[in-house]
Amino acid sequence: MDHLKQTEPNQFLATHVHYLLHWEKSSPNKDYLIQPLSNGEVISYTWREVGEQVRRMTHYLKSLNLADKSKIAIYGKNSAHWIMADLAIWMAGHVSVPLYSTLNVEGALHVLNHSDSQLLFIGKLDGKGDSWNEVSKVIPADLPCIRLALSPDFDAPLWDDIIAQTPPLENPNLPHADDLATIVYTSGSTGLPKGVMQSFSTLLAGASELKATYKVTAAERTLSYLPLAHVAERVFIESSSLIAGFTVYFANSLDTFIDDLNRAKPTIFFSVPRLWTKFYQGINEKIPLHIQNVVFKIPVVGKLVKRKLLTKLGLNHVRFALTASAPLPIDIIKWYRNLGLELLEVYGMTENSGYSHATRQGQYLSGYIGHTQPGVECKIDENGEILVKSPGTMLGYYKNPEKTAEDLTEDHYLRTGDMGEIDATGCLKITGRIKDIFKTSKGKYVMPVPIEQKLGNHELIESVCIGGGSQPQPVAFIMLAEEIRNKLKHDPKTEDIDTALQALRNDINQELESHEKLGFLVVINHPWTMENDMLTPTMKIKRNKIEARYEQNLDAWSKQNKQVIWE
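Note that the coordinates shown come from a computational prediction; the quantities given were computed from them, not determined experimentally. (Residues numbered from 1 in each chain as written. Predicted model: local features only at pLDDT ≥ 70, side-chain atom pairs only at ≥ 80, totals over all residues. Heavy atoms only, no water.)

Asker: What exactly am I supposed to notice about the sheet that holds strand 14 (residues 357–358) here?
Answerer: Strands in a sheet are paired, the pairing made by backbone hydrogen bonds, and the direction either parallel or antiparallel. What the 5 strands build is an open sheet, ordered 11-12-13-14-15; its pairing is mixed. One side of each edge strand has no neighbouring strand; the edge strands of this open sheet are strand 11 (268–271) and strand 15 (371–372). (Pairing = 2+ DSSP bridges. Helix = DSSP H or I, 4+ residues; strand = E, 2+ residues; numbered from the N terminus.)

Asker: What am I meant to see in the pairing of strand 10 (residues 247–250) here?
Answerer: The two faces of strand 10 match: T247 and Y249 on one face and V248 and F250 on the other face are all buried. Across 2 bridges, the pairing between strand 1 (residues 31–36) and strand 10 is parallel. Its bridge partner lying in strand 10, I34 is registered against Y249. Bridge count for strand 9 (residues 221–224) against strand 10 is 4 bridges, and the pairing is parallel. Looking at strand 10, one finds that R221 is bridged to T247. The parallel pair strand 9 and strand 10 is bridged by helix 9 (residues 231–244), and the resulting crossover is right-handed. (Buried < 20%, exposed > 50% of the residue type's maximum accessible area, 1.4 Å probe, protein only. Right-handed = clockwise from strand over helix to strand, strands pointing away.)

Asker: Help me understand the pattern of salt bridges, please; the structure alone is not making it clear to me.
Answerer: Oppositely charged side chains are able to pair whenever their charged atoms sit close together. For the structure on display, the rule yields 28 salt bridges. We note a salt bridge from R485 to E462, for which the minimum N-O separation is 3.6 Å. Within this pair, whereas R485 is found in helix 17 (residues 482–490), its partner E462 is found in strand 23 (residues 461–467), the two being separated by 23 residues in sequence. Of the two residues, R485 and E462, neither departs from the other in class, the shared state being buried. One network of salt bridges, in which partners are shared, links R274, K278, E462, E482 and R485. (Salt bridge = Lys/Arg side-chain N within 4 Å of Asp/Glu carboxyl O.)

Asker: I'm lost on the environment of I369 in this one. Help?
Answerer: Relative to the assigned elements, I369 resides in the loop between strand 14 and strand 15. With 11 residues separating them in the primary sequence, I369 and A358 have C-alpha atoms 6.4 Å apart. Setting aside residues up to four positions removed in sequence, I369 forms contacts with E345, V346, Y347, H357, A358, T359, L428 and I430. (Contact = heavy atoms within 4.5 Å.)

Asker: Honestly, helix 3 (residues 47–63) in this entry has me stumped. Any pointers?
Answerer: Helical periodicity: at 3.6 residues per turn, an α-helix aligns residues three or four positions apart in one direction. Compared with the 24 Å implied by 1.5 Å per residue over 17 residues, the 24 Å span of helix 3 between its first and last C-alpha is a close match. Buried within helix 3 are the following residues: W47, V50, G51, Q53, V54, R55, M57, T58 and L61. (Expected span 1.5 Å × (residues − 1).)

So, in structure tokens, the structure goes:
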């Protein structure tokens, strides 16, 4: 423990547990985790309080005499105790296995069984927007469980009761940097999730560089609302907060999101394209783009209006914001940057802890994802695939050496599955996914992502999927913006929307090669959600599920000979 007394704030430590002990000692009274409750109450946990609870739970876990490096699962939405449970698992010498709160029964049982989990922490769940009602019925009877704060009723001991009866562990055995820390099961747009093994050092690689690249300090505030079961939130929120010592606020629910955001007043913010798009469309519904374009050009007034819009979004204190997980249409990125928000794209995968490429502040280049992060090497394979060697690269897939050998080259480059181009300065552009390319009935290959990005720029559209491999020309499946869908419930007139979508199709077709031109657009009737398995937990479309859902109707729709079809 003596070495912690000499640790400078800018010195990087070996593991997350080392950082917890550092901040517990150096900043005991600083707020670390801020948890809102459904009754409006807000609970703050200081570094000392977090350390105390983690030490007590660690002592309890060690009393269970589990084998060293046992797998312990965490199932729940983001909460202060989710992070405390993770830290206790690590301090006790075990390996954490996060489960998405939306994971279906098949997926949950697969993760629990495949990971050999010996215990399950049940976290913040209520059966609303999560899978608790179904998964609770199939939790193995012989699997010990512990209920975290905010957990649903279940026959298992409570975290609060355990720590009230258990003394804190005074001198924990600290893990090593290269120890296996967690098995992150990929959200996966196809098939059962694979278990990605990450060590403490691979998990911390991206967070360490986030602090260095973007000058992240202990004074930052951020909001945690994307799933901690995903590597992006695990790095940006959990790992980064432990390295830099900043305060993490949690969101209570979707209904309270704006209130939670305004409480946090984040200085750094991370989100995914689906949510950036929804924020953008929400503003455009109240102030149409053509009016914005006029107002923004008025001296003084334009600047005030932009500031007011950022304040309305709860982002007026943000120094920089990041977007990742899927492509965000260029026009939307430019819209945010025009408001004055430093919105930057980052690129990475679960398999490299999200540590690959990033756009630096002041270096935004339209259409590009940024340059390699320090210590990262990137090249393009003969087939156009992006290959990345990163300090964040996984140890491998759990119990799957064949897939590990398939995805990691002999010289330790990760096969990303993405296609891309690198310009003369080393800046990377993503052009699509190898597996997404499909062949039309004419035998022509189509890359869907660039077309989806063109369509996704339109204010009427929230999400789009290009498919139609059985057709002579590609087909666009369109999910309208939420505000438009709500309007149609009260006023089902579609003529104006139909006309606008026809014009959009014709305009975009003029920019496409003949074999890429869209045959028709399909306006889908039921939104794509995580609950109906059309979106991953990070809100990426599950292309194969979407195409399968509409495939049987394509021939009949094609015979209607219309440019826009309403499901």
